[in-house]
Amino acid sequence: MTRTILIIDDQPEIRELISLYLEKDGYHIIEAENGNEAIRAIHNHKIDLILVDLMMPIIDGYQLIKKVRETHAIPIIIISAKNEDHDKILGLGLGADDFIQKPFNPLEVVARVQALLRRSYNYSNEDSQQTNIPDTRKKTVGNLILDEDAFSIIRNGVVIPLTKIEYKILELLMDSPGRVFTKQQIFERAWNDYYIDGDGDNTINVHISKIREKIEENPKKPAYLKTVRGLGYKLEKKI
């Protein structure tokens, strides 16, 4: 199956360079020079992955990611010259899956695209293979219910949607309440990729923070999702 990649950047030479390398690898490319064009492309085509710059006219990358995440779970990679930690954390917190700094090696872009599509494809396969398994399809810890069919968390009767990464992290923690999971275990389960010490820590921290916002009454004083200093995270058995 040919995958379709949407490249969003207001610099045509950047779009042309990335397109050249991705097309050589067999991908179908759609280009957009601003957020409005990107939204039209997403509406009119089946997009498998988005590459987006942050600094764009009309609708910037942050706004676009937020808008896409309201209705789609399309994998998103940011490619930007904004390389401060807070830029990366904000982008990932809004729902992006990866961040590549400009200037970049086009071969790295291809590799990141391949890796993210592979992880997303494997995740979808896992979902489809499990659809016929006779099970309650729900996990319960305290007042939290993880709905495995709807990919959502129910807290005190309120249904809260999850991203794929949030779901996989919660699924891991709720499988074994009270057990401490290291950042390596969480990263390799949720991202289905190898963990290099420290490399994925910011990404994990951002997603843990987003999960707390969804499941905790007071995210700053979490009752469920606890940090175990020097070790990792755990979900309390009883609240």
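Being a predicted model, the structure only gives us computed values, none of them experimental.

### So, the nonpolar core
Counting residues in each nonpolar core, the largest one holds 27 residues, and the members touching the most others are Ile153, Ile169 and Ile215. Those elements that provide at least two residues to this core are strand 7 (144-147), helix 6 (164-175), helix 7 (183-190), helix 8 (201-215) and strand 12 (232-235). With 7 residues, the single largest contributor to this core is helix 6. Ranked by size, the runner-up nonpolar core spans 24 residues in total, among them Ala41, Ile65, Val68 and Leu92.

### Things to note about the pairing of strand 11 (residues 225-228)
Bridge count between strand 11 and strand 12: 4 bridges; the pairing is antiparallel. Paired with Leu225 across the bridge in strand 12 is Leu235. The loop that links strand 11 with its antiparallel partner strand 12 comprises 3 residues; one of these, Gly230, has a positive phi angle of about 80 degrees.

### Focus: the sheet that holds strand 10 (residues 181-182)
Pairing is antiparallel across the open sheet formed by 3 strands, whose spatial order is 10-12-11. Edge positions in the sheet fall to strand 10 and strand 11, since each has one partner strand and no second. In this structure, strand 10 lies alongside strand 12, joined through 2 bridges in antiparallel fashion. Bridging from a neighbouring strand, Thr182 pairs with Gly232 of strand 12.

### Remarks on the sheet that holds strand 7
Read across the open sheet, the 4 strands follow the order 6-7-8-9; overall the sheet is antiparallel. Where the open sheet ends on each side, the last strands, each with one partner, are strand 6 (138-141) and strand 9 (158-161). Taken over all neighbouring pairs, the strand axes of this sheet differ in orientation by 25 degrees on average, direction set aside. As paired strands, strand 8 (residues 152-155) and strand 9 are joined by 4 bridges and run antiparallel to one another. Its bridge partner lying in strand 9, Ser152 is registered against Pro161. Helix 8 contacts strand 7, strand 8 and strand 9 of the sheet and is inclined by roughly 40 degrees relative to strand 8.

### Overview of a negative patch on the surface
Taken together, the side chains of Asp10, Glu13, Glu16 and Glu33 define an acidic patch exposed on the protein surface. Looking at where Glu13 falls in the secondary structure, it is placed in helix 1 (residues 12-24). The class of Glu13 is partly exposed, set by a relative accessible area of 47%.

### Describing the pattern of salt bridges
In this structure the tally under the stated criterion is 14 salt bridges. Here Glu166 ties to Lys214 by a salt bridge, and the two come within 2.6 Å at their closest N and O atoms. Separated by 48 residues along the polypeptide, Glu166 in helix 6 and Lys214 in helix 8 bring together distant segments of the chain. No difference in accessibility class separates Glu166 from Lys214, as the two residues are buried. The residue Asp175 makes a salt bridge to Arg189 at a minimum N-O spacing of 3.8 Å. Here Arg189 lies in helix 7 and Asp175 lies in helix 6, a separation of 14 residues in the sequence. Through salt bridges with shared partners, a single ionic network connects Lys139, Glu171, Asp175 and Arg189.

### Some remarks on helix 7
Since the α-helix turns once every 3.6 residues, residues separated by three or four places project in the same direction. Restricting attention to buried positions, one finds in helix 7 the residues Ile186, Phe187 and Ala190. One side of helix 7 carries all its buried residues, which in axial view fall inside an arc of 95 degrees. The inward-facing, buried residues of helix 7 abut helix 6, strand 10, helix 8 and strand 12. Asn192 sits one or two residues past helix 7 and shows a positive phi near 50 degrees.

### Side note on helix 3 (residues 61-69)
Regarding helix 3, the residues found buried are Gly61, Tyr62, Leu64, Ile65, Val68 and Arg69. Across the axial projection of helix 3, the buried residues extend over an arc of 165 degrees, all falling on one side. Turning to helix 3, the residues buried within the fold contact strand 1 (4-8), helix 2 (35-44), strand 3 (49-52), strand 4 (76-80) and helix 4 (85-94). If you check the start of helix 3, you find a side-chain oxygen 3.1 Å away from the backbone N of Tyr62, and it comes from Asp60.

Here is what the cut-offs are and how they apply
Residues numbered from 1 in each chain as written. Predicted model: local features only at pLDDT ≥ 70, side-chain atom pairs only at ≥ 80, totals over all residues. Heavy atoms only, no water. Core = buried A, V, L, I, M, F, W, Y, C linked by side-chain atoms within 4.5 Å. Buried < 20%, exposed > 50% of the residue type's maximum accessible area, 1.4 Å probe, protein only. Helix = DSSP H or I, 4+ residues; strand = E, 2+ residues; numbered from the N terminus. Pairing = 2+ DSSP bridges. Axes fitted to C-alpha atoms, helices over the stretch in contact; angles between N-to-C directions. Contact = heavy atoms within 4.5 Å. Patch = residues over 30% accessible without salt bridge, like charges linked within 9 Å, V, L, I, M, F, W, Y side chains within 5 Å. Areas by Shrake-Rupley, 256 points an atom, 1.4 Å probe, with all protein chains shown as cover. Salt bridge = Lys/Arg side-chain N within 4 Å of Asp/Glu carboxyl O. Lys, Arg positive; Asp, Glu negative; His and termini not counted. Charge placed at Lys NZ, Arg CZ, Asp CG, Glu CD. Arc of directions from axis to C-beta. Polar contact = N/O pair within 3.5 Å; in protein donor to acceptor, adjacent residues only side chain to side chain.

Function cannot be inferred from these measures alone, as they are strictly geometric.
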